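# Report on the structure
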Amino acid sequence: MVPIEVNDVSLVYDTPAGTVPGVKDVSFTIDASQFICIVGPSGCGKSTLLNCIAGFLNPAAGEIRIDGKKVDGHGMDRGVVFQDFAQLFPWRTALGNVSFGLEMKGVDRDERDKVAREQLRLVKLEKFVDAYPHHLSGGMQQRVAIARALAYNPSVLLMDEPFAALDALTRDDMQRLLADVWRETRKTVVYVTHNVAEAVYLADRVLVMTPHPGTLKLDMPIALPRPRDPLSVEFLEYQKELLGHLGHNAADQKTNGNAHS
Ligand SMILES: Nc1ncnc2c1ncn2[C@@H]1O[C@H](COP(=O)(O)OP(=O)(O)OP(=O)(O)O)[C@@H](O)[C@H]1O
Ligand SMILES: [Mg+2]
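First, a word on scope: everything that follows refers to the structure included in this document. (Residues numbered from 1 in each chain as written. Chains lettered and ligands numbered in written order. Predicted model: local features only at pLDDT ≥ 70, side-chain atom pairs only at ≥ 80, totals over all residues. Heavy atoms only, no water.)

Looking only at helices and strands, one finds 7 helices and 10 strands in the chain. Over its C-alpha atoms the chain spans a radius of gyration of 18 Å, differing by no more than 12% from the 18 Å that the globule rule assigns to 261 residues. Judged by the C-alpha coordinates and their principal axes, the chain covers about 50 × 40 × 40 Å. Surface summary for the chain: the accessible area is close to 12,000 Å², and the carbon and sulfur share equals 53%. Distance between charge centroids for the chain: 3 Å, based on 28 positive and 33 negative side chains. (Helix = DSSP H or I, 4+ residues; strand = E, 2+ residues; numbered from the N terminus. Rg over C-alpha atoms; globule rule 2.2 N^0.38 Å. Areas by Shrake-Rupley, 256 points an atom, 1.4 Å probe, with all protein chains shown as cover. Lys, Arg positive; Asp, Glu negative; His and termini not counted. Charge placed at Lys NZ, Arg CZ, Asp CG, Glu CD.)

This is the structure:
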C-alpha cells in the first residue's frame, strides 16, 4: 500500500477579486516511513498542498490517497503541526493537549495518560506534563504540538514550517529532536519549509516547487547518512544545488538563519 499518493492535484481559491490558483497539477508518491520536505518560494502553494493532504482543503482537480483511501476531509490517520504557537489549547496542560486526540477516540483515562506521557517523553518534555502552554517557550510549545500529533498514532505526520518562528539556535535543537523522533517512530512525514538547510538536514527527498502558481519542478533524493553534518562538503553541495534551483545564490543562505551553522 502506498502511504501517500498525490495525483494531478490542482486547487483554486475563490476571492472577491476573482479566482487565484493555489497549486497546479502536482503529482508525487511517498513510500512508507519516508521523510519528504517540500520547498519553494513564498506563495507558491506549499501550505495549500499540505492542507489538501491534511483534508482541510478540497482539490478542484485530481485526488489524494492515504494508504489507498481517497482523502475526504481530515482524519485520524494524519497528524498535523503548524507554524503558529497558538495551535495548542491554552486551557489544557501539556498532558491535556497531547491526550486530546485520544479522548476524541474514546480511549480511557489511564491509557490516555500513559500514551500522552510517553509522547511527551519522546519530545523531552516529561518534566512539563502539568504546564500550561503560556508557561512554555515557543520551542517547547512546538514540541507539545508534535507530541499531540503523534499521540493517536497516525500513519502520516504533516508539518507546515513548524520551526520557522523559532530563533536559530532553538530551531537547530528542534531539527535534531525531530530527526530523533522520526528515527524512533518511522512515520511517513511531509514537511514544508523554505529553509533549504533544514530540508537537506531532515529529508530523504526534497520536492522543489516553482513560483506561483506552483507545481513540482524537481524531486531530489538526499543520499547522506544520518545524523547529518551541516558543515560537511556534501551537505553544502546539496544546499547549493537546491538554492540554485530556487534561484538564490549560495551567499544568500546565511541571511536565512539556516541550520547548525
Ligand atoms: N485563503 C486564500 N484565499 C485566496 N488566495 C489564497 C488563500 N490562501 C492562499 N492563497 C494564494 O494561494 C497561493 C499559494 O499560497 P500558499 O499559502 O499555499 O503558499 P506558500 O507556498 O505556503 O507560501 P509561504 O511560503 O509564504 O507560506 C498564493 O498565491 C496565495 O496568495
Ligand atoms: Mg505557507
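What follows picks up the thread again.
Following the sequence through the fold, threonine 193 ends up in the loop between β8 (188-192) and α6 (196-202). For threonine 193, a relative accessible area of 2% corresponds to the buried category. Here asparagine 195 takes part through its backbone nitrogen, which lies 2.8 Å from a polar atom of the side chain of threonine 193. Setting aside chain neighbours within four positions, we find threonine 193 in contact with Ile38, Val39, Gly40, Lys46, Glu161, Glu198 and Ala199. (Buried < 20%, exposed > 50% of the residue type's maximum accessible area, 1.4 Å probe, protein only. Polar contact = N/O pair within 3.5 Å; in protein donor to acceptor, adjacent residues only side chain to side chain. Contact = heavy atoms within 4.5 Å.)

Moving on, we get to the sheet that holds strand β2 (residues 18-30). Sheet architecture is open: 4 strands sit in the order β2-β1-β4-β5, paired in antiparallel fashion. Across the chains shown, the open sheet's two edge strands, defined by having one partner strand only, are β2 and β5 (69-70). In the sheet, strand β1 (residues 4-15) pairs with β2 via 9 bridges, with the strands oriented antiparallel. Residue isoleucine 4 lies in a different strand from β2, and its bridge partner there is isoleucine 30. Packed on one face of the sheet, helix α1 (residues 46-54) meets β1, β2 and β4 (61-66) and runs near 65 degrees to β2. (Pairing = 2+ DSSP bridges. Axes fitted to C-alpha atoms, helices over the stretch in contact; angles between N-to-C directions.)

Attention now moves to the site of ligand 1. The environment of ligand 1 is made up of 15 residues, and the closest members are Ser42, Gly43, Lys46, Ser47 and Thr48. Serine 42 places a side-chain nitrogen or oxygen 2.5 Å from an oxygen atom of ligand 1. A distance of 2.8 Å separates an oxygen atom of ligand 1 from a polar atom in the backbone of glycine 43. Bound to the protein, ligand 1 loses 64% of the 640 Å² it would expose on its own. Every element with two or more residues in the shell around ligand 1 is listed here: β1, β2 and α1. It is α1 that contributes the most residues to the shell around ligand 1, 3 residues altogether. Looking at side-chain class alone, the shell around ligand 1 contains 4 nonpolar, 9 polar and 2 charged residues. (Near = heavy atom within 4 Å. Nonpolar A, V, L, I, M, F, W, Y, C, P; charged D, E, K, R; others polar.)

Of note, the amide linkage connecting histidine 212 to proline 213 takes the cis form, showing an omega dihedral of -5 degrees. Residues arginine 226 and proline 227 are joined by a peptide bond in cis, for which omega reads -5 degrees. Relative to the helices and strands, proline 227 resides in the loop between β10 (216-221) and α7 (233-246). The phi dihedral of aspartate 25 falls on the positive side, at around 50 degrees, and the residue is not glycine.

Let's shift gears to the layout of surface pockets. Quantified by volume, the largest pocket comes out at close to 220 Å³. Taken together, Phe56, His74, Met76, Val80, Phe82, Gln87, Phe89, Phe100, Gly101, Arg148, Ala149 and Tyr152 make up the full set of residues lining the largest pocket. Secondary structure elements with two or more residues in the lining of the largest pocket: α2 (94-104) and α4 (138-151). Classifying every residue of the lining of the largest pocket gives 8 nonpolar, 3 polar and 1 charged. Roughly 170 Å³ of volume is contained in the second largest pocket. What lines the second largest pocket is simply Arg176, Ala179, Asp180, Trp182, Arg183, Arg186, Tyr201, Arg226, Pro227 and Arg228. Here the lining of the second largest pocket is composed, by residue class, of 4 nonpolar, no polar and 6 charged. (1 Å grid on protein atoms, 1.4 Å probe; cavity = no way out; pocket = protein on both sides within 12 Å on 5 of 7 lines; lining within 4 Å. Points joined across faces, edges and corners; volume = space filled by probe spheres on them.)

In this structure, Leu120 and Tyr191 are the most contacted members of the largest nonpolar core, which totals 55 residues. Top element by residues in this core is α4. It accounts for 8 residues. If you look at the next biggest cluster of nonpolar residues, it comprises 26 residues, including Val6, Val23, Cys52 and Ile53. (Core = buried A, V, L, I, M, F, W, Y, C linked by side-chain atoms within 4.5 Å.)

For the rest of this paragraph, the subject is the packing of aromatic side chains. Using the criterion set out here, one finds 6 aromatic pairs in the structure. Ring pairs connect the aromatic residues Phe35, Phe163, Trp182 and Tyr191, which therefore count as one cluster. When the ring centre of phenylalanine 89 is taken as reference, the NZ or CZ atom of arginine 148 above it lies at 5.1 Å. Its end group placed over the ring of tryptophan 182, arginine 186 keeps NZ or CZ at 4.3 Å from the ring centre. (Phe/Tyr/Trp six-rings, centres within 6.5 Å; stacked < 30°, edge-to-face > 60°. Lys NZ or Arg CZ within 6 Å of the ring centre and 35° of its normal.)

Function cannot be read off these values alone, since they describe shape.
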